[in-house]
Amino acid sequence: MSIVAIAVVGVGTGVYSGYQQYKAGKEADKISKQNAIISEQQAQAQAEQLDQELLRGAESQQEAFAKQQMSSIALGGTGSENDSSSLMFQSDLVEKLFMNNLDNKYLQTQALTLGTNEANLERWRGDATRIAARNQGISTALNSAVSSYGMYAGYQAQVDLAAQLKNRPKPEGTG
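What this report covers is the structure whose coordinates are included nearby. These numbers come from a predicted model, not from an experiment.

A few points about a nonpolar patch on the surface
Thinking step 1. A surface patch of nonpolar side chains, amounting to about 300 Å² of accessible area, comprises F98, M99 and L102.
Thinking step 2. Tracing the backbone shows L102 in helix α2 (residues 84–167).

Looking at the packing of aromatic side chains
Thinking step 1. In total, this model carries one aromatic pair according to the counting rule given.
Thinking step 2. A centroid spacing of 6.4 Å and a plane angle of 35 degrees characterise the contact between Y19 and Y22, whose relative ring orientation is tilted. In this pair, Y19 and Y22 are both assigned in helix α1 (residues 3–74), three residues apart and thus about one turn of the helix distant.
Thinking step 3. On the basis of relative accessible area, Y22 is assigned to the partly exposed category, the value being 32%.

Considerations on the pattern of salt bridges
Thinking step 1. All chains considered together, the criterion is met by eight salt bridges.
Thinking step 2. Here E122 and R125 are joined by a salt bridge, their closest N and O atoms 2.7 Å apart. Highlighted residues: E122 and R125, both in helix α2, separated by three residues, approximately one helical turn.
Thinking step 3. A residue is classified by how much of its surface remains accessible, and E122, at 11% relative accessible area, is buried.
Thinking step 4. What makes R125 partly exposed here is its relative accessible area of 36%.
Thinking step 5. Ionic pairing is found between R130 and D127, a salt bridge with its closest N-O pair at 3.3 Å. With R130 and D127 both in helix α2 and three residues apart, this pair spans about one turn of that helix.

About the cut-offs
- Residues numbered from 1 in each chain as written.
- Predicted model: local features only at pLDDT ≥ 70, side-chain atom pairs only at ≥ 80, totals over all residues.
- Heavy atoms only, no water.
- Patch = residues over 30% accessible without salt bridge, like charges linked within 9 Å, V, L, I, M, F, W, Y side chains within 5 Å.
- Areas by Shrake-Rupley, 256 points an atom, 1.4 Å probe, with all protein chains shown as cover.
- Salt bridge = Lys/Arg side-chain N within 4 Å of Asp/Glu carboxyl O.
- Helix = DSSP H or I, 4+ residues; strand = E, 2+ residues; numbered from the N terminus.
- Phe/Tyr/Trp six-rings, centres within 6.5 Å; stacked < 30°, edge-to-face > 60°.
- Buried < 20%, exposed > 50% of the residue type's maximum accessible area, 1.4 Å probe, protein only.

Put into structure tokens, the structure is as follows:
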């Protein structure tokens, strides 16, 4: 195989390898973007689950109020706003529900924030991987081209030197 063919194969191999690195980086970026979408969906699902817990808490509060009023009436109370035991119980329930709502809203915000942050980090990782792979691919392709050219230039220099040595005048007396 001639040196030119070897050099061409070297360049072709380097370009192909570089292209494969570039494609791998694009695939990693694509996967990272999908992971980011999944992170956001999971955060949204968690926030919706906390919303459902808030609704269940409100339903529990209404049931507790109704039970407390029935209990107060059964024990001779009026179950009205003037019944102090009923008001104290309801006030305590309202305070607990309010604190639970605050906790759930905080957890919702945290879930959404963490999900968004994780998604953004995944996108950043994908971008960084894609850029690094592209740069590595370009480097591989250029390196193989330069190496092949160096190999060809070295070969050509040897051919030229051989031609010069062959064509130089012979020293006198060597007949």
